[in-house]
Amino acid sequence: MNERLSSEQWTRFWEKGTPTTFFGNFDKNYDGKIAEFWNSQFEQVPDNGHILDLATGNGALAVLAAGYAHQNQRNLRVTGIDYAKIDPAGLVLAELNSTIRDKLTFHSHRRIEDTELSEKSVDLVISQFGFEYGEPEASVLEASRILRQQSAIALVTHRRGSVIHRQSNDGLKEVDYCKQSDLHSLLEMLLTRLDALSRTGEDPVADKKAAELRNTVNSVTGELHGYMKEFKDPRHIGYFLTNSMVVFRPQFANHSLTEKLDLLRLIRDETDAYEMRMKDLQSAVLSPSDINGLEQLLTKEGFQVMLSEPLRVDEGVFCQKIVARRTI
């Protein structure tokens with residue numbers, strides 16, 4: 001079963017304006033050990049060099065490269081490509097220094113396997129949580145085609161057992177709890193009942209059916225709150241509960257039944273989208289054998305693997321770092 005998001009689905013995701021795929025983390029850009037790793041790679045690029053960011057999304061890694069060049073007075077050119085329709089200039093880059101913006105070029109609807117760039121035109125190929133979404137052999141062949149001699153490819157990839165992998169498992173469990181709760185069906189029945197009582201002028205407090213539905217809703221929300229204790233960061237259950245129950249706040253008192261039901265529909269749509277992103281992420285996670293296979297492909301195409309190891313953060317392994325330098 002194909003769990004990968006389509007180009008159109010990624011386009012809708014990037015339209016939200018987030019620089020990375022991590023809501024609540026890296027809100028400005030990648031930092032800490034990740035930024036340190038990337039800066040160490042940018043240092044190796046010769047003056048007037050060209051850096052290509054594959055699967056750039058909203059340009060977080062490309063911006064990091066351009067920012068490094070600006071801060072270190074390096075004349076580097078940075079290109080980002082993505083197979084979705086992206087608009088980093090309109091969504092993320094507006095507040096950047098004009099000198100940094102001038103170093104950046106972005107292209108939509110381009111795949112990792114076919115960058116549409118000239119042969120031997122790039123000094124460093126980079127990708128953060130993107131390269132693993134391409135077809136491995138074709139992607140390595142394309143990188144080999146566009147890289148100059150003595151150039152390199154540096155990757156940060158999803159890794160089995162990583163913090164992110166575990167979080168995606170938790171995210172899917174959270175979604176399952178939300179969907180199995182049947183909370184929205186109960187809320188729709190309660191809202192519909194309250195609307196009918198309002199139209200006939202009956203007292204909603206005295207209505208037995210409304211009272212039964214309220215009690216059931218309270219019981220279900222209590223169960224969901226209880227499930228939150230199972231997770232270190234129960235972000236999606238929190239989102240689901242908070243936004244679902246907002247229809248009962250005073251500011252929604254004058255909203256129509258249709259408007260309230262539309263809000264619930266939007267929450268379900270976002271829950272479905274989140275579930276699909278978590279499944280998409282899991283489909284891209286590399287096992288140890290996948291990593292070994294990627295190293296073999298790079299070696300076959302004339303690269304020397306200089307580094308292939310986990311990057312660890314406080315919570316544990318965050319990702320896999322891979323650096324390979326072209327030897328021919």
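Refer to the preceding data block for the structure.
Residues numbered from 1 in each chain as written. Predicted model: local features only at pLDDT ≥ 70, side-chain atom pairs only at ≥ 80, totals over all residues. Heavy atoms only, no water.

*Asks:* When you look at the overall build of the chain in this model, what are you seeing that I'm missing?
*Replies:* In terms of regular secondary structure, the chain is built from 12 helices and seven strands. The contacts of the chain with a sequence gap of at least 6 include a subset with a gap of at least 24, amounting to 76%. Accessible surface, the chain as shown: approximately 16,500 Å² in total, 47% of it carbon and sulfur. (Helix = DSSP H or I, 4+ residues; strand = E, 2+ residues; numbered from the N terminus. Contact = heavy atoms within 4.5 Å. Areas by Shrake-Rupley, 256 points an atom, 1.4 Å probe, with all protein chains shown as cover.)

*Asks:* Can you help me understand the sheet that holds strand β6 (residues 303–313) in this one?
*Replies:* Across a sheet, strands are paired by hydrogen bonds formed along the backbone, either parallel or antiparallel in direction. If you walk across this open sheet you meet the seven strands as β3-β2-β1-β4-β5-β7-β6, and the pairing is mixed. Because the sheet does not close on itself, it has two edges, and the strands there are β3 (104–107) and β6. Geometrically, the sheet is characterised by an average inter-axis angle of 15° between neighbouring strands, direction not taken into account. Direction of pairing for strand β1 (residues 50–54) relative to strand β2 (residues 77–81): parallel, over a ladder of five bridges. The partner of H50 across the bridge, within β2, is R77. Docked against the sheet, helix α3 (residues 60–71) engages β1, β2, β3 and β4 (122–128), running at close to 165° with respect to β3. Set on the sheet, helix α6 (residues 136–146) makes contact with β1, β4, β5 (147–157), β6 and β7 (316–326); between it and β5 the angle comes to about 145°. (Pairing = 2+ DSSP bridges. Axes fitted to C-alpha atoms, helices over the stretch in contact; angles between N-to-C directions.)

*Asks:* Explain the packing of aromatic side chains to me, please; I cannot follow it from the model alone.
*Replies:* Counted by the stated rule, this structure contains six aromatic pairs. Both rings, one in W38 and one in F42, keep their centres 6.3 Å apart while their planes meet at 20°; by these two values the pair is stacked. Note that W38 and F42 are positioned in helix α2 (residues 32–42) at a spacing of four residues, about one turn of the helix. The same class applies to W38 as to F42, namely buried. One aromatic cluster is present, built from ring pairs that chain together F37, W38, F42 and Y68. (Phe/Tyr/Trp six-rings, centres within 6.5 Å; stacked < 30°, edge-to-face > 60°. Buried < 20%, exposed > 50% of the residue type's maximum accessible area, 1.4 Å probe, protein only.)

*Asks:* What's the story with the environment of E174 in this structure? I'm lost.
*Replies:* By secondary structure assignment, the location of E174 is in helix α7 (residues 163–180). E174 gets classed as buried once you look at its relative accessible area, which sits at 2%. Sequence-distant contacts of E174, defined by excluding residues within four places in its chain, comprise F231, D233, P234, R235, H236 and I237.

*Asks:* Help me understand the side chain of S244 in this model?
*Replies:* Structurally, the position occupied by S244 is in helix α10 (residues 235–245). Judged by relative accessible area, S244 falls into the buried class, the value being 0%. Once residues lying within four places of it in the same chain are set aside, the contact partners of S244 are L183, H184, L187, Y239, L264 and I267.

*Asks:* Could you clarify how one ought to interpret α6 in this entry?
*Replies:* Note: α-helices contain 3.6 residues per turn, so residues at a spacing of three or four share the same orientation. Of all the positions in α6, only S139, V140, E142, A143, S144 and I146 are classed as buried. For α6, the secondary structure elements touched by its buried residues are β1, β4, β5, α12 (288–300), β6 and β7.

*Asks:* What is the right way to look at α3 in this model?
*Replies:* Compared with an ideal rise of 1.5 Å per residue, which puts 12 residues at 16 Å, α3 spans 16 Å between its outermost C-alpha atoms and is within 8% of the ideal. A large share of α3 lies buried, amounting to 10 of its 12 residues. Within α3, the full set of buried residues consists of A60, L61, A62, V63, L64, A65, A66, G67, Y68 and A69. In the core, the buried residues of α3 are packed alongside α2, β1, β2, α5 (98–101), β3 and β4. (Expected span 1.5 Å × (residues − 1).)

*Asks:* Teacher, can you tell me more about the pattern of salt bridges here?
*Replies:* Counted by the stated rule, this structure contains 15 salt bridges. R110 serves as the salt-bridge partner of E116, at 3.7 Å between the closest nitrogen and oxygen. Measuring nitrogen to oxygen at the nearest pair gives 3.4 Å for the salt bridge that ties E119 to K120. Residue classification places E119 among the exposed positions, given a relative accessible area of 52%. Beyond isolated ion pairs, a larger network of salt bridges with shared partners links K179, D272, E275 and K279. (Salt bridge = Lys/Arg side-chain N within 4 Å of Asp/Glu carboxyl O.)

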